[in-house]
Amino acid sequence: MLDRWLACVAQLESEIPAQQFKPWIKPLVYLGYDESERVLRLGVPNHFKLNWVKSQFESRIEAIARNAIDEQLSVRFEIHRPDQEPVPARHPAANGTEIEPTPDETDEFGLESLPAGSQNPATPRFPQPSSAPDNDPFVADPFTPDFAAPDTQTRLRPELTFDSFVHGKANQMAWSAALQVVERPGTSYNPLFLYGGVGLGKTHLLHAVGNSILERSKRARVRYIHAQDYFDEMVRAIQRKSIQDFKRKYQQLDLLLVDDIQFLGGKERTQEEFFYTFEALLSARKQLIITSDTYPKELSAFEDRLVSRFGSGLIVEIEPPELEMRVAILLKKAEQSGEKLPEEVAYFIAKNLRSNVRELEGALLRVIAFARFRGRQLSVDLAREALKDLLELSRPPISIESIQKTVADFFKIKTADMYSKRRPAHIARARQVAMYFAKELTQKSFPEIGEAFGGRDHTTVMHAVKRIAELRQHDQEWNRQLHVLEQTLRG
């Protein structure tokens, strides 16, 4: 039954943004399933998290669990206290009751404003560990235990390496740059800024670089940190009056890997501290790698000087994986889990799930678990059944005719130009784009596509697909326009 719950967790991770999944879903503890009452029991560390998870995620958790475990189950959240229970931050009112601080009583850290001269540390508005060694502000947060526990000092996950990373056209440049950083840390690309959507492998590359650096030098001072955790650690350092230890520990690193830097948006004081750390490391020729969900200049509520520093090194976009790469990812992940995945099943999943690697992994785990629970062989029919609520198979398939019309409208030409013999440059390019999407979004063969475009030879279609794919890879502006067009075609 635990396997089924882990399959539910994988699906939730593919659906919920990382900034919500990590603090609220990941800490849930599987306490068991009562078959007589059909109740799935999940542990939550405290009442604060229990109330929030119930109000925000209970219905979705229950829906996913019903599909994976029992169609009539209900979910029950229970307090499951670790040895040191984090306590939701509250402060006593004059009458002895507890109240939450109001927004205007707090600064960017969620710390209450104190009267001048007060010697008492402020109390955070969010749950904090009740105790930790005073001399180490980098203690791992007990709220968020990792399924694959990272090293407590570096926070690196040992299983995330270059060997386990599947690379292809969509991430080739990022992968190559990361390898170059390992070869020449602090000199090749510093900082290296990776950006792209959720679940495309940015975090994996960070860990891969860190693990490779440590393989070469066991004494290297390496640290992986999520931007939200950096903020939280700074809060704790302020509370314990150990901010100088915090500064020193970060500024003396050899390699700093910062994930999801966008979470520091609007936190001016934290940005200021990070700026000084950034400057100290670069001046000492120490390596920084930063990830974000967006291009540096599009980061909101960031200081100009910090955005400028982000752009002083190499900026690389990681794009959604193409079909061949998605198939390779699924086969690799299945192999790592000890399963032999038929290629036709991998192709079926990859063809229907396109957004990111995390979604693919969640779908694969779900299909494998589905096969095990029902004692059946992995097949396309089984995959279709296991993923019925994820796959948009009920939608009418995209037709070549609809692609031709949409692309013609996009390029402001006549639909008839798609299959005419006219060859002005702008019409020829629009026709190539339509052929490219016909191959990407339909099950038609090259000859069938050629026939739909005025009886053109299949080699013409092959050339068009290759040309547009290269254009997307090397021309950022074209890639953005075609991405918009692709979203329109998908409806």
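Values in this document were obtained by computation on a predicted structure and should not be read as measured data.

Colleague: Explain empty space enclosed by the protein here, please?
Modeller: Evaluation of the coordinates by the stated rule reveals one cavity of 30 Å³ or more. Taken as a whole, the largest cavity spans an internal volume of roughly 120 Å³. Every residue along the wall of the largest cavity is listed here: A7, C8, Q11, I64, N67, A68, R366, A369, F370, F373 and R374. For the lining of the largest cavity, the elements supplying multiple residues, two or more each, are helix 1 (2–15), helix 3 (47–68) and helix 12 (357–374). It is helix 12 that contributes the most residues to the lining of the largest cavity, five residues altogether. Class assignment of the residues belonging to the lining of the largest cavity gives a composition of seven nonpolar, two polar and two charged.

Colleague: Please clarify how the sheet that holds strand 6 (residues 192–195) should be interpreted in this entry.
Modeller: Through backbone hydrogen bonds, the strands of a sheet pair up, either in parallel or in antiparallel fashion. Read across the sheet, five strands follow the order 7-8-9-6-10 without closing on themselves; strand pairing throughout is parallel. In the strand order of this sheet, the two ends are held by strand 7 (222–226) and strand 10 (314–317), each with one partner. Averaged over all neighbouring strand pairs, the angle between strand axes comes to 15°, with direction disregarded. With five bridges connecting them, strand 7 and strand 8 (residues 255–259) associate as parallel partners. Bridge pairing in strand 8 places R223 opposite L256. Taken strand by strand, helix 8 (residues 268–283) contacts strand 8 and strand 9 (287–292), and its axis lies near 140° from that of strand 9.

Colleague: Which parts of the structure should I look at to understand the confidence of the model for the protein?
Modeller: For residues with low pLDDT, the predicted coordinates do not support detailed interpretation. Chain-level statistics for the protein give a pLDDT mean of 80 and a share of 84% at 70 or above. Here residues 83–149 is modelled with pLDDT under 50, and outside its nearest four sequence neighbours on either side it reaches 124 contacts, counting other chains as well.

Colleague: Would you mind showing me how to read the pattern of salt bridges here?
Modeller: A side chain of one charge can pair with a side chain of the opposite charge when the charged atoms of the two come close. Going through the model one piece at a time under the given rule, you end up with 23 salt bridges. Close ionic contact of E273 with K247 constitutes a salt bridge, the shortest N to O distance being 2.5 Å. Of this pair, E273 sits in helix 8 while K247 is found in helix 7 (residues 243–251), placing the two residues 26 residues apart along the sequence. Owing to a relative accessible area of 5%, E273 belongs among the buried residues under this scheme. Residue K247 is classed as partly exposed on the basis of its relative accessible area, which comes to 22%. Across the salt bridge formed by E339 and R372, the nearest N and O atoms sit 2.8 Å from each other. With E339 in the loop between helix 10 (323–336) and helix 11 (343–352) and R372 in helix 12, this pair connects stretches of sequence that are 33 residues apart. Under the relative-accessibility criterion, E339 is labelled partly exposed at 22%.

Criteria and cut-off values
- Residues numbered from 1 in each chain as written.
- Predicted model: local features only at pLDDT ≥ 70, side-chain atom pairs only at ≥ 80, totals over all residues.
- Heavy atoms only, no water.
- 1 Å grid on protein atoms, 1.4 Å probe; cavity = no way out; pocket = protein on both sides within 12 Å on 5 of 7 lines; lining within 4 Å.
- Points joined across faces, edges and corners; volume = space filled by probe spheres on them.
- Helix = DSSP H or I, 4+ residues; strand = E, 2+ residues; numbered from the N terminus.
- Nonpolar A, V, L, I, M, F, W, Y, C, P; charged D, E, K, R; others polar.
- Pairing = 2+ DSSP bridges.
- Axes fitted to C-alpha atoms, helices over the stretch in contact; angles between N-to-C directions.
- Contact = heavy atoms within 4.5 Å.
- pLDDT = per-residue confidence, 0-100.
- Salt bridge = Lys/Arg side-chain N within 4 Å of Asp/Glu carboxyl O.
- Buried < 20%, exposed > 50% of the residue type's maximum accessible area, 1.4 Å probe, protein only.

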